[in-house]
Amino acid sequence: MKNFTQFQWLKYTVTNIPDGFDDMYWKKSGSLKISFIILIMFFFGIIAKDRLYGFQFSADYERTFNIIPYIMKSIILFVAWTVGNWSVCTLLDGEGTIKNIFIYSAYAICPYVIQIYINLIFSYILVRDEYIFMQLIEITGTVWSVILMFSAVKAVHQYTLKKTFTAIILTLIMMLIMFIILILFMLLIQQILIFISEIFTEIIYRLRA
Amino acid sequence: MKKFLIMFLCVIIFAFPLNVNATYNYDYMRNAIPSQAGYNVKNVLYFGMNEPQDIFFSGENFYIADTGNNRILVLDYNLENIIKIYDKFIFPNGKETQLNNPEGIYVSGEKIYIADTGNSRVIISDFNSEIIMEIEKPVSEIYDQNKTFIPEKILVDKSGNIYVISGNITTGCMMFSSDGDFTGFFGANRSGRTAENIRNYFVSDKKKSRRKRNIPTGINNFDISEDFIYTCTENSEKTSDIIKKLNSAGKNIFSDRNLHFGDYQSEYSNSGYKPPKISDIDISENGNINFIDSETGHIFQYDKNCKLLFIMGNISGQSGGFEKPSAIETAGKNIYILDSGKNNITVFSETEFGEKVHNAVDLYNSGYYAETLNLWLEILKYDGNYTYAYNGLAYAFLRNGEYKNSMKYAKLAGDSELYNKAFQEYRRIFLKENSGKILIIIFVISGIILIKKRGEKF
């Protein structure tokens, strides 16, 4: 365990569910580079899930491709989780830094990301009647990721079981609040921009007249 | 340079012909795309009509409810001469009576059924203007006596039951037995918005009584074909109940198929879109569903399975355009549109392209997929954007066992269900042919892995 490379650490944490993250915490390991790669793979996976599945599984092709929803569904969601978790857990005596939370969470979503790519291959091999196999893989990956995320939060902040639960629920609430504030802020900025542009056009008209 | 210029001009002239009846179609992504015409305007006929409201083809003659002139016109099959004019009818006791704004006409088994709207009655007469029966406002517990009887459209089924659409009734069409007894309502539209239903749980009865009642829209027009009654409803809010196919129990057969009728709203802009206001529906002899949207003047033709075939027609002042299309009727290969604004009949006749499509669709819907193969290929030469042809080709190739081609055309038609079928067969054959190779590859790979693991251990 001492001489693990960063990649081996990833494999170790993902496969050793109860205490993989704990071990990584004590060895002070975890790579930011690998986390970024996972996040980018997550982003492309979300797009592939909608766009690149075999034709027998894509019932409805959308006419326009808009990248914003995909960014929202993957990167923004993940960043909101990280920031939300950090802001909650600093108040709840958590020991994790924002960098560590980012790394641990990225490692935790690894099974989910891998599941998308496995299903992507299967979607070209299977037919609709065999969709249940793809569902099985999807459910396995998702549940695995959820459990990993739980143990990641537990390990990175060195929490008890009960406290982890509260932290996760508070994080989800925090994310909601963040999104609401974000939308409010965007609406406000829009209003201000409209106001400024109106004043500008008004001045231009006055000057010309 | 000069040559090029001439060529360029030719392209412009042939690419954008001046045509009143701009024909278009929808691709599988619901984009409106220009298309070949399935029907063309043959001629426009005037018979001195005044706001005619209904046209009916009995198999031999055309009957037109010439509403403004208070009469019924009978025209011959080629619409050349007026054979007869009905404006006076004689009761069995010798009394004479006249029509007042008749809006509906139906002929069945030597009897003429007239919805005499202005006199709020239905007249059933024989061909010699002698009244057999007269139906007036029914006296029944189900019929609200405060409501007047405004018969607008009428039809009769095989067993002689009479169906009447009354202008102020929202609970479906009224049904009368062959003796003229009122037997009930038939085929009411659904009412209710889901959000309102949920809100009703939280609102007191007192408040509910003050609010506007949620009433379904009345049926606008109907047609009967092979024991099924097709109704159309003018509804700008919902697109669900616009066209219904009702069985004899009054159940809508289309209801669980999530169908769309009429124009699609563009995803890119809202301008130019008008929600459909279907004024009349007609089922042609081979089962195609034709209806006319009086808002845009577009005539839509769908096949038996509700797949779009053609769109034509337009609101315009030019000859061939409509002002207030009120009724549609089909006879043979023609479509007849009655216009109550221009007081004329526009005759659409099938083009060569239309004939080919109809032949192919008829074979396709009877299950002869393989036989349609060449027809579809020919149709695609006329119009390479015709989605139905790709669909048909995919089916034809599937039947012929050419699964690779079937997959290709199913993809072009945007039909993933069909693609799935073709792919399943393609995969089965692929595995059958290559099972040996695949097994060898698996053995080799697993062997290599095993050897490597052994090597690591020792």
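The structure this text deals with has already been given above.
Calculation rules
Residues numbered from 1 in each chain as written. Chains lettered and ligands numbered in written order. Predicted model: local features only at pLDDT ≥ 70, side-chain atom pairs only at ≥ 80, totals over all residues. Heavy atoms only, no water. Helix = DSSP H or I, 4+ residues; strand = E, 2+ residues; numbered from the N terminus. Buried < 20%, exposed > 50% of the residue type's maximum accessible area, 1.4 Å probe, protein only. Contact = heavy atoms within 4.5 Å. Areas by Shrake-Rupley, 256 points an atom, 1.4 Å probe, with all protein chains shown as cover. Lys, Arg positive; Asp, Glu negative; His and termini not counted. Charge placed at Lys NZ, Arg CZ, Asp CG, Glu CD. Expected span 1.5 Å × (residues − 1). Bend = angle between axes of the 7 residues up to and from the residue. Polar contact = N/O pair within 3.5 Å; in protein donor to acceptor, adjacent residues only side chain to side chain. Buried area = accessible area lost by both parts, 1.4 Å probe. Salt bridge = Lys/Arg side-chain N within 4 Å of Asp/Glu carboxyl O. Nonpolar A, V, L, I, M, F, W, Y, C, P; charged D, E, K, R; others polar. 1 Å grid on protein atoms, 1.4 Å probe; cavity = no way out; pocket = protein on both sides within 12 Å on 5 of 7 lines; lining within 4 Å. Points joined across faces, edges and corners; volume = space filled by probe spheres on them. Pairing = 2+ DSSP bridges. Axes fitted to C-alpha atoms, helices over the stretch in contact; angles between N-to-C directions. Phe/Tyr/Trp six-rings, centres within 6.5 Å; stacked < 30°, edge-to-face > 60°. Lys NZ or Arg CZ within 6 Å of the ring centre and 35° of its normal.

K.L.:
For this particular structure, what's the right way to read the overall build of chain A?
P.N.:
Counting secondary structure elements, chain A contains 8 helices and 0 strands. Reading chain A from its N terminus to its C terminus gives the helix and strand order α-α-α-α-α-α-α-α. Principal-axis analysis of the C-alpha atoms gives chain A an extent of 80 × 50 × 30 Å. Across the 209 residues in chain A, those meeting the buried criterion constitute 37%. For chain A, restricting intrachain contacts to residue pairs at least 6 apart in sequence, the fraction spanning at least 24 positions comes to 76%. Surface accessibility of chain A: about 12900 Å² in total, with carbon and sulfur atoms responsible for 73%. Once the 16 positive and 13 negative side-chain charges of chain A are each reduced to a mean point, those two points are 7 Å apart.

K.L.:
Sorry, what's going on with helix α4 (residues 67–91) of chain A here?
P.N.:
Residue and element names in this part refer to chain A. For α4, with 25 residues, the first-to-last C-alpha span of 35 Å sits near the 36 Å given by 1.5 Å per residue. Along α4, the sharpest kink reaches roughly 35°, centred on Ile 76. Its side-chain oxygen placed 3.3 Å from the backbone nitrogen of Ile 68, Asn 66 serves as the N-cap of α4. Where α4 terminates, the next one or two residues include Asp 93, which has phi positive at roughly 60°.

K.L.:
Is there a simple way to explain the interface of chain A and chain B in this structure?
P.N.:
Buried accessible area, meaning the area lost when the parts come together, often serves as the stated size of an interface. The interface is formed by 14 residues belonging to chain A together with 17 residues belonging to chain B. In total, about 1400 Å² of surface goes out of reach between chain A and chain B, with carbon and sulfur atoms giving 53% of it. On the surface where chain A and chain B come into contact, there are 2 salt bridges. When the shortest N-O distance is used, the salt bridge between Arg 128 of chain A and Glu 417 of chain B registers 2.9 Å. The tally of links from chain A across to chain B stands at 5 residue pairs in polar contact (both at pLDDT 80 or more). Residues belonging to the side of chain A that touches chain B are distributed by class as follows: 7 nonpolar, 3 polar and 4 charged.

K.L.:
Even after reading the chapter, I still don't get empty space enclosed by the protein, so can you show me in this structure?
P.N.:
Empty space among the atoms can be located by rolling a probe the size of a water molecule over them. Residues and elements named next belong to chain B. Under the definition given, this model contains 2 cavities of 30 Å³ or more. Considered as a void within the structure, the largest cavity measures approximately 120 Å³ in volume. What lines the largest cavity is a set of 16 residues, among which Asp 54, Ile 55, Phe 56, Phe 222 and Asp 223 lie closest to the centre. Listed by contribution, the elements that provide at least two residues to the lining of the largest cavity are β4 (54–57), β10 (102–108), β14 (151–156), β18 (221–225), β21 (278–283) and β25 (325–331). For the lining of the largest cavity, the per-class residue count stands at 9 nonpolar, 1 polar and 6 charged.

K.L.:
Looking at this structure, how should I read the pairing of strand β24 (residues 308–312) of chain B?
P.N.:
For a regular strand, the rule is simple: side chains alternate between the two faces of the sheet. Residues and elements named next belong to chain B. Within β24, 5 of the 5 residues are buried, which leaves the element mostly enclosed by the surrounding structure. The pairing of strand β23 (residues 298–302) with β24 spans 4 bridges and is classified as antiparallel. For Gln 301, the partnering residue across the bridge sits in β24 and is Phe 310. Where β23 folds back onto β24 in an antiparallel hairpin, the turn is made up of 5 residues, including Cys 306, whose phi is positive at roughly 65°.

K.L.:
Sorry if this is basic, but what is going on with the sheet that holds strand β15 (residues 162–166) of chain B here?
P.N.:
Within a sheet, each strand pairs with its neighbour through backbone hydrogen bonds, oriented either parallel or antiparallel. Residues and elements named next belong to chain B. Read across the sheet, 4 strands follow the order β14-β15-β16-β17 without closing on themselves; strand pairing throughout is antiparallel. Both outer strands of the open sheet, β14 and β17 (182–186), are each paired with one neighbouring strand and no more. Strand-to-strand twist of the sheet, defined as the mean angle between neighbouring strand axes without regard to direction, takes the value 25°. Where β14 meets β15, 5 bridges bridge the pair, whose relative direction is antiparallel. The partner of Val 156 across the bridge, within β15, is Ile 162.

K.L.:
How do you make sense of the packing of aromatic side chains when you look at a structure like this?
P.N.:
Aromatic rings in a pair are described by how distant their centres are and how their planes are angled relative to each other. One pass over the full model with this rule turns up 45 aromatic pairs over all chains. A centroid spacing of 5.1 Å and a plane angle of 75° characterise the contact between Phe 55 of chain A and Tyr 419 of chain B, whose relative ring orientation is edge-to-face. Separated into two different chains, Phe 55 of chain A in the loop between α3 (32–51) and α4 and Tyr 419 of chain B in helix α8 (residues 416–457) make up a pair that spans both. On the numbers, 6.0 Å between centres and 75° between planes, the contact of Phe 261 of chain B with Phe 291 of chain B is edge-to-face. Linking Phe 261 of chain B in the loop between β20 (243–246) and β21 with Phe 291 of chain B in strand β22 (residues 289–293), this pair joins segments that are 30 residues apart in sequence. Residue classification places Phe 261 of chain B among the buried positions, given a relative accessible area of 2%. For Phe 291 of chain B, a relative accessible area of 0% translates into the label buried. Taken together, the aromatic side chains of Tyr 230, Phe 254, Phe 261, Phe 291, Phe 300 and Tyr 302 of chain B make up a single cluster linked through ring pairs. Positioned above the aromatic ring of Phe 228 of chain B, the side-chain terminus of Lys 245 of chain B is 4.5 Å from the ring centre. Its end group placed over the ring of Tyr 388 of chain B, Lys 307 of chain B keeps NZ or CZ at 5.1 Å from the ring centre.

K.L.:
Help me understand the sheet that holds strand β27 (residues 344–350) of chain B in this model?
P.N.:
Residue and element names in this part refer to chain B. The strand order across the open sheet built from 4 strands is β3-β27-β26-β25, with neighbouring strands paired in antiparallel fashion. Edge positions in the sheet fall to β3 (39–45) and β25, since each of these pairs with one other strand and no more. Each neighbouring strand pair of the sheet contributes to a mean axis angle of 25°, computed without reference to strand direction. With 6 bridges joining them, β25 and strand β26 (residues 334–339) adopt antiparallel strand pairing. Of the residues in β26, the one forming a bridge with Ile 328 is Ile 337.

K.L.:
In this structure, what is going on with the side chain of Asp 339 of chain B? I would like to understand it.
P.N.:
Residue and element names in this part refer to chain B. Mapped onto the elements, Asp 339 comes out in strand β26. An unpaired buried charge is present at Asp 339: no salt bridge exists, and Lys 342, the closest side chain of opposite charge, is 5.5 Å distant. A distance of 2.9 Å separates a polar atom in the side chain of Asp 339 from the backbone nitrogen of Lys 324. For Asp 339, the side chain forms a polar contact with the main-chain nitrogen of Lys 342, separated by 3.1 Å. Once you skip the residues sitting within four places of it in the chain, Asp 339 turns out to touch Pro 52, Gly 321, Phe 322, Glu 323, Lys 324, Pro 325, Ser 326 and Asn 344.

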